[in-house]
Amino acid sequence: MTTNLHTIRDWLRYAVSRFENSDIFYGHGTDNSYDEAVWLIMSALHLPHDTLNNFLDARLTTEESQHLATLIDKRVTEHTPTAYLVNEAWLRGFKFYVDERVIVPRSFIAELLEDGLQPWVEFPEMVESAADICTGSGCLGVLLAEAFPNAHIDVVDISPDAIEVCNINIQRYGLEHQVQAVQSDMFTALKGRKYDVIISNPPYVDAPSMAELPEEYRKEPQLALGSGVAGLDHTHVLLTQAAEYLNDGGVLVVEIGHNRDALHEAYPDLPFTWLDTSGGDQFVFMLTKEDLLEAGLHTD
């Protein structure tokens, strides 16, 4: 059926048509069939995404055509996320290796790190230590290293498989001297460590939503998505234990999905600062160590 497809232009048209005529779900980096097709085709052919126009009329080899046909078919029939098909995902201009051992990177915290969490972190160059709890692929850890070049970074995950992927991305960016992957159930293996900044994009999908996830999300590690009935189990741990691991004046930044109302109900006295992101101001909160201590949220 694809023997008459010769150029990238041909394959792009074909992929868009297949995607449009399917029930695949977008949400792992794109929101439409065209962008999804460009991502899959250019990545599969190892071409920079921004050079599409230069190669539209380039002819594919037989091997390349067979490879694309297989990937497009898997995307449509198996609902495999494109990120897994091409083993890459993008976050704020950074490319990361991913596979089925980790969720596909996506976090509003990434855009907040572009400014070094200012104004809540007044002098990013003075941050000496930071941690990303529930790191997955380690992507936010790499962005922490970019935002805080003088900081030692711990990227933490309970999954040994995720730690392996973390180390791939740490090595690809040459950050072995700055970023360390730590296998740990939240703070369990971090006793005695202190940080100026702790960030986390933890599992936060509630039980009803987990039951209705699109098939693409079911391809991801479910351990990295669900967090109890209300979607707040991991956030409870962060709020009750983070003060012990923050330096004086340190900040905690957490993404919580659509759980803002439930969080306020659980912690009515906490002075959450809700940070503005491209998705609005209801997805990421910031608290200082002092906020947590004054609310009695500590383990001492």
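Named according to an unreviewed UniProt entry, the protein chain is Ribosomal protein uL3 glutamine methyltransferase originating from Methylophilus glucosoxydans. Under the UniProt heading Function (unreviewed entry), the note attached to the protein chain is "Methylates ribosomal protein uL3 on a specific glutamine residue."

**Student:** I tried to follow the environment of Ala181 on my own but got confused; where do I start?
**Tutor:** Along the polypeptide, Ala181 turns up in strand 5 (residues 179-183). Once the C-alpha coordinates of Ala181 and Pro202 are considered, the two residues, 21 residues apart in sequence, prove to be 16 Å apart. With residues up to four places along the chain from it excluded, the contact list for Ala181 reads Val155, Ile163, Cys166, Asn167 and Ile170.

**Student:** Just to check I follow, could you spell out unusual backbone geometry for this structure?
**Tutor:** Glycine aside, the phi torsion of most residues is negative, and most peptide linkages are trans. Residue Pro119 is bonded to the preceding Gln118 through a cis peptide linkage, with omega at 5°. Positionally, Pro119 belongs in the loop between helix 6 (109-113) and strand 3 (129-133). The backbone of His46 shows a phi angle near 60°, a positive value even though the residue is not glycine. Inspection of the secondary structure assignment puts His46 in the loop between helix 2 (33-44) and helix 3 (52-55). According to the relative accessible area criterion, His46 is exposed, its value standing at 71%. The backbone of His79 shows a phi angle near 60°, a positive value even though the residue is not glycine. Summarising the element assignment, His79 is placed in the loop between helix 4 (62-77) and helix 5 (82-86).

**Student:** I keep staring at the pairing of strand 5 and nothing clicks. Help me out?
**Tutor:** It is a general feature of regular strands that their side chains alternate between the two faces of the sheet. In terms of strand pairing, strand 4 (residues 152-157) meets strand 5 through 5 bridges, oriented parallel. Residue pairing for strand 5: Val155 is matched across the bridge by Ala181. Considered for its hand, the β-α-β crossover made up of strand 4, helix 8 (residues 160-172) and strand 5 is right-handed.

**Student:** Whenever I open this one, the sheet that holds strand 9 (residues 284-288) confuses me. Can you help?
**Tutor:** Backbone-to-backbone hydrogen bonds pair the strands of a sheet. The strands run either parallel or antiparallel. Read from one edge to the other, the open sheet built from 7 strands follows the order 5-4-3-6-7-9-8, with strand pairing classed as mixed. Looking at which strands have only one partner, the edges of the open sheet turn out to be strand 5 and strand 8 (273-274). Judged from the 5 bridges that link them, strand 6 (residues 195-200) and strand 7 (residues 246-255) form a sheet pairing that is parallel. Its bridge partner lying in strand 7, Ser200 is registered against Val254. Here helix 8 sits on the sheet in contact with strand 4 and strand 5, set at roughly 175° to strand 5.

**Student:** Even after reading the chapter, I still don't get the UniProt feature "domain: Methyltransferase small" (unreviewed entry) in the protein chain, so can you show me in this structure?
**Tutor:** Here, UniProt's "domain: Methyltransferase small" (unreviewed entry) annotation points to residues 128-206. The span residues 128-206 is 28% helical and 28% strand by assignment, and the distance between its end C-alpha atoms comes to 35 Å.

**Student:** Any chance you could explain the nonpolar core here in plain terms?
**Tutor:** One broad rule of soluble globular proteins: the nonpolar side chains tend to lie buried together. If you look at the biggest cluster of nonpolar residues, it comprises 37 residues, and the most contacted ones within it are Ile8, Trp11, Leu12, Phe19, Leu40, Ile41 and Leu68. Sequence-distant contacts of Leu12, defined by excluding residues within four places in its chain, comprise Tyr34, Ala37, Val38, Ile41, Leu52 and Leu56. If you look at the next biggest cluster of nonpolar residues, it comprises 36 residues, including Val121, Leu143, Val179 and Phe283.

**Student:** How should I be thinking about the layout of surface pockets in this particular structure?
**Tutor:** Remark: the empty space left among the atoms is shown by a probe the size of a water molecule rolled over them. Put simply, the largest pocket is a space of about 710 Å³. Arg106, Tyr204, Glu255, Gly257 and His258 are the residues nearest the centre of the largest pocket, which is lined by 26 residues in total. In the lining of the largest pocket, the residues fall into 13 nonpolar, 7 polar and 6 charged. Roughly 410 Å³ of internal volume is contained in the second largest pocket. Every residue lining the second largest pocket is counted, 29 residues in all, and those nearest its centre are Cys134, Gly136, Asp157, Pro203 and Ala224.

**Student:** What am I meant to see in the environment of Asn32 here?
**Tutor:** Inspection of the secondary structure puts Asn32 in the loop between helix 1 (8-20) and helix 2. Sequence separation between Asn32 and Phe19 is 13 residues; the distance between their C-alpha atoms is 8.9 Å. Only 2.8 Å separates the side chain of Asn32 from the side chain of Asp31, close enough to count as a polar contact.

**Student:** What is the right way to look at the pairing of strand 4 in this model?
**Tutor:** In terms of burial, strand 4 is a largely internal element, 5 of the 6 residues being buried. Relative to strand 4, strand 3 runs parallel, the two being bridged by 5 bridges. Residue Asp132 lies in a different strand from strand 4, and its bridge partner there is Val155. At this point the chain moves from strand 3, through helix 7 (residues 139-147), to the parallel strand 4, and the crossover so formed is right-handed.

Thresholds, definitions, all that
- Residues numbered from 1 in each chain as written.
- Predicted model: local features only at pLDDT ≥ 70, side-chain atom pairs only at ≥ 80, totals over all residues.
- Heavy atoms only, no water.
- UniProt positions renumbered as here; feature names shortened; annotations may be inferred.
- Helix = DSSP H or I, 4+ residues; strand = E, 2+ residues; numbered from the N terminus.
- Contact = heavy atoms within 4.5 Å.
- Buried < 20%, exposed > 50% of the residue type's maximum accessible area, 1.4 Å probe, protein only.
- Pairing = 2+ DSSP bridges.
- Right-handed = clockwise from strand over helix to strand, strands pointing away.
- Axes fitted to C-alpha atoms, helices over the stretch in contact; angles between N-to-C directions.
- Core = buried A, V, L, I, M, F, W, Y, C linked by side-chain atoms within 4.5 Å.
- 1 Å grid on protein atoms, 1.4 Å probe; cavity = no way out; pocket = protein on both sides within 12 Å on 5 of 7 lines; lining within 4 Å.
- Points joined across faces, edges and corners; volume = space filled by probe spheres on them.
- Nonpolar A, V, L, I, M, F, W, Y, C, P; charged D, E, K, R; others polar.
- Polar contact = N/O pair within 3.5 Å; in protein donor to acceptor, adjacent residues only side chain to side chain.

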